[in-house]
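# Structural features, examined
Here is what each chain is made of, one letter per residue.
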Amino acid sequence: MPVVTVRASSKQGPAQLDTLVRKVTQKTSGLLEENDRVLVVYSEGRASLYYEGEPRPRTVPRPA
C-alpha cells in the first residue's frame, strides 16, 4: 500500500497543528481524485496518508 508523508512546519503549538491539517487536507483531496480510499494516520508533527493503487510517478520539470 503506497504512503505519502506530510510534515508540519517548524512552528510550535496550535500553529503547527493548523499547518499540518491544512497540508493533509490538500494532499488528501488530490489523492481522492485518483483513489477510492485514503487512510490518514497522525503522529507528532506529521501525518501518513495510505491509499490504494499505484504510486504516482514523480516528475521533475525540465528547463525548456
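Here the structure is a predicted model, which means the values were calculated and not measured.

What follows is about the sheet that holds strand β1 (residues 3-7). Spatially, the three strands line up as an open sheet ordered β1-β3-β2, and their pairing is antiparallel. Each having just a single partner strand, β1 and β2 (38-43) make up the two edges of the open sheet. Neighbouring strand axes in the sheet, compared pairwise and without regard to direction, differ in orientation by 20° on average.

What follows deals with the side chain of T28. When you line up the elements, T28 lands in helix α1 (residues 14-32). Leave out the neighbours within four places in its chain, and T28 touches V38, V40 and L49.

With that out of the way, let us pick up the pattern of salt bridges. According to the stated counting rule, one finds one salt bridge in the structure shown. Put simply, E52 and R37 hold a salt bridge, and the shortest N to O gap is 2.8 Å. Of this pair, E52 sits in the segment after β3 (46-51) while R37 is found in the loop between α1 and β2, placing the two residues 15 residues apart along the sequence. Looking at R37, the relative accessible area reads 55%, which means it is exposed.

Once that is clear, we can look at the pairing of β2. Pairing of β2 with β3 involves six bridges; the strand directions are antiparallel. Following the sheet pairing, V41 is matched in β3 by S48. Connecting β2 to the antiparallel partner β3 that follows it, the hairpin turn spans two residues, and G45 within it adopts a positive phi of roughly 80°.

We now examine a nonpolar patch on the surface. The grouping of L17, V21 and Y42 at the surface amounts to a nonpolar patch, some 280 Å² of accessible area in total. Note on placement: V21 falls in helix α1.

Next up on the list: α1. In an α-helix, one turn spans 3.6 residues, which is why side chains three or four residues apart end up on the same side. With 19 residues, α1 extends 27 Å from end C-alpha to end C-alpha; this agrees with the ideal 27 Å at 1.5 Å per step. Listed as buried for α1 are T19, L20, V24, T28 and L31. The buried residues of α1 all sit within an arc of 160° when viewed along its axis, so they share a single face. In α1, the exposed positions that point more than 90 degrees away from the buried face belong to P14, D18 and Q26. Check the buried side of α1 and you find it contacts β1, β2 and β3.

Calculation notes
Residues numbered from 1 in each chain as written. Predicted model: local features only at pLDDT ≥ 70, side-chain atom pairs only at ≥ 80, totals over all residues. Heavy atoms only, no water. Pairing = 2+ DSSP bridges. Helix = DSSP H or I, 4+ residues; strand = E, 2+ residues; numbered from the N terminus. Axes fitted to C-alpha atoms, helices over the stretch in contact; angles between N-to-C directions. Contact = heavy atoms within 4.5 Å. Salt bridge = Lys/Arg side-chain N within 4 Å of Asp/Glu carboxyl O. Buried < 20%, exposed > 50% of the residue type's maximum accessible area, 1.4 Å probe, protein only. Patch = residues over 30% accessible without salt bridge, like charges linked within 9 Å, V, L, I, M, F, W, Y side chains within 5 Å. Areas by Shrake-Rupley, 256 points an atom, 1.4 Å probe, with all protein chains shown as cover. Expected span 1.5 Å × (residues − 1). Arc of directions from axis to C-beta.

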